[in-house]
Amino acid sequence: LSLIHSIFRYYAGRKYPLPCDTRTITVRQCAKEMRVFSMNEQKILCGHIASDLCIRNVGILVCLFTGIRIGEVCALRWDDISLTERTLHIHQTMQRLQTDGTTMQEEGARTKVIVTTPKSRCSIRTIPIPEELVRILETVKGSACGYFLTGSEEKWVEPRTMQNHFKRLLKSCNIEDANYHALRHTFATRCVELGFDVKSLSEILGHANVNITLNRYVHPSMQLKQSNMQKLSQMIYVK
């Protein structure tokens, strides 16, 4: 269907007559199950990072405990992090986009890396940083400036590179493979398990409303479900 849509757009762009319109045809897709790290997996991952506090590993830790996206951590600069106020300010994201290959700096290239403002105003936000994470950031900062993941004004780490590093880290930890976005899902789930109010969590994640947070990113564990169900025990009066 995607290929047919592309063919019809090609025809329409060249003013050829179209025999029909396929834009109203859709394919219903089942919602994919979101990958969330278990508490044990999270402990293993954090322990491995603690034994090797390279800046890319710290970047993974930042995502796991603030919920920021991979493009946001790649575009993050040290100027956006206030260790005194214990906050980080998200106002840019990095992504690799397709290009026609005519740009001077990437002649013939099919893609290019750009840094731009997030996709929505809600994604521009200031996030409090947990105290222990602030301590770790203080140990790795030194005289670094520029991009957070490189400490350089000229060099950056793009999302694709960060994704590959993350997958190698999971493999070395003997943790089942996952997409980088699983860090964001895990953060949201842990916050709910710890009793965060949903409005605060929604703003930290940069969502337009709490429904997005609840429906897409919150995945209660069986342990949390059991704990909630036990609250009903006091209402059972059968002797």
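Relevant structure appears above.
Since the model is a prediction, treat every value here as computed from it, not as a measurement.

J.: Could you give an account of the overall build of the protein, with specific residues and numbers?
T.: The secondary structure content of the protein amounts to 10 helices and five strands. Principal-axis analysis of the C-alpha atoms places the extent of the protein at approximately 75 × 60 × 35 Å. Relative to its 239 residues, the protein shows a buried fraction of 37%. Of the contacts formed within the protein by residues at least 6 apart in sequence, a portion of 61% connects residues at least 24 apart. As presented, the protein carries roughly 15,400 Å² of accessible surface, and 54% of it is formed by carbon and sulfur atoms. Computed over 32 positive and 22 negative side-chain charges, the separation of the two mean positions in the protein equals 8 Å.

J.: Tell me about the packing of aromatic side chains, and name the residues and values.
T.: Evaluated as defined, the whole model comprises six aromatic pairs. A ring pair is formed by Trp-78 and Phe-148, whose centres lie 5.0 Å apart and whose planes are at 65 degrees; its orientation type is edge-to-face. Here Phe-148 lies in the loop between α5 (131–141) and α6 (159–172) and Trp-78 lies in the loop between α4 (70–75) and β1 (81–82), a separation of 70 residues in the sequence. Taking relative accessible area as the criterion, Trp-78 reaches 4% and is therefore assigned buried. Seen in terms of ring centroids, Tyr-147 and Trp-156 are 6.3 Å apart; in terms of plane orientation they differ by 65 degrees. Their pairing is edge-to-face. For Tyr-147, a relative accessible area of 11% gives the class buried. Its relative accessible area of 42% is what places Trp-156 among the partly exposed residues. Among the aromatic residues, ring-to-ring pairing joins Tyr-10, Tyr-11 and Tyr-16 into one connected group. Over the face of the ring belonging to Tyr-147 we find Arg-77, whose NZ or CZ atom lies 4.9 Å from the ring centre. The lysine or arginine in question, Lys-141, covers the ring of Trp-78, its NZ or CZ lying 5.4 Å from the ring centre.

J.: Pulling in residues and values, what's your account of α5?
T.: For α5, the complete set of buried residues consists of Leu-133, Val-134, Ile-136 and Leu-137. The buried residues of α5 occupy an angular sector of 160 degrees when the element is viewed end-on, so they sit on one face. Seen from the open side of α5, the exposed residues pointing more than 90 degrees away from its buried face are Glu-131 and Thr-139. Residues of α5 that are buried sit in contact with α3 (55–66) and β1. One or two positions beyond α5, positive phi appears at Gly-142, with a value near 55 degrees.

J.: Residue-level account of the packing of α3 against α5, with values.
T.: At a minimum axis separation of 11 Å, α3 and α5 run at an interaxial angle of 160 degrees. Classified by the interaxial angle, the pair formed by α3 and α5 is roughly antiparallel. Crossing geometry of α3 relative to α5 is assigned as left-handed. In contact with Ile-55, Val-58, Leu-61, Val-62, Phe-65 and Thr-66 of α3, α5 contributes Leu-133, Ile-136, Leu-137 and Val-140.

J.: How would you explain the nonpolar core if you had to name every residue and give the values?
T.: The biggest cluster of nonpolar side chains holds 49 residues, and the ones touching the most others in it are Leu-45, Ile-81, Leu-137, Phe-148 and Leu-183. When residues of this core are traced back to their parent elements, those giving at least two are α2 (39–51), α3, α4, β2 (87–90), α5, α6, α7 (182–193) and α8 (198–205). Aside from chain neighbours lying at most four places away, what touches Phe-148 is Ile-55, Val-58, Gly-59, Val-62, Val-73, Leu-76, Arg-77, Trp-78, Ile-81 and Leu-137.

J.: Explain unusual backbone geometry to me, and be specific about the residues and the numbers.
T.: One non-glycine residue, Arg-86, lies in the positive phi region at around 60 degrees. Note that Arg-86 resides in the loop between β1 and β2. Since its relative accessible area comes to 40%, Arg-86 is described here as partly exposed. Of note in this structure, Asn-174 is not a glycine but carries a positive phi near 60 degrees. Mapping Asn-174 onto the fold places it in the loop between α6 and α7. Assessed through its relative accessible area of 74%, Asn-174 is described here as exposed.

J.: An account of the sheet that holds β2 is needed here, citing residue identities and associated values.
T.: Note on sheets: strands pair through backbone hydrogen bonds, and any given pair is parallel or antiparallel. Read across the sheet, three strands follow the order β1-β2-β5 without closing on themselves; strand pairing throughout is antiparallel. A single partner strand is all that each edge strand has here, and the edge strands are β1 and β5 (125–128). The pairing of β1 with β2 spans two bridges and is classified as antiparallel. If you follow Ser-82 over to β2, its bridge partner there is Thr-87.

What counts, and at which threshold
- Residues numbered from 1 in each chain as written.
- Predicted model: local features only at pLDDT ≥ 70, side-chain atom pairs only at ≥ 80, totals over all residues.
- Heavy atoms only, no water.
- Helix = DSSP H or I, 4+ residues; strand = E, 2+ residues; numbered from the N terminus.
- Buried < 20%, exposed > 50% of the residue type's maximum accessible area, 1.4 Å probe, protein only.
- Contact = heavy atoms within 4.5 Å.
- Areas by Shrake-Rupley, 256 points an atom, 1.4 Å probe, with all protein chains shown as cover.
- Lys, Arg positive; Asp, Glu negative; His and termini not counted.
- Charge placed at Lys NZ, Arg CZ, Asp CG, Glu CD.
- Phe/Tyr/Trp six-rings, centres within 6.5 Å; stacked < 30°, edge-to-face > 60°.
- Lys NZ or Arg CZ within 6 Å of the ring centre and 35° of its normal.
- Arc of directions from axis to C-beta.
- Axes fitted to C-alpha atoms, helices over the stretch in contact; angles between N-to-C directions.
- Parallel < 35°, antiparallel > 145°, perpendicular 65-115°, else oblique.
- Left-handed = near helix turned anticlockwise from the far one by under 90°.
- Core = buried A, V, L, I, M, F, W, Y, C linked by side-chain atoms within 4.5 Å.
- Pairing = 2+ DSSP bridges.

Geometric values such as these leave the question of function open.
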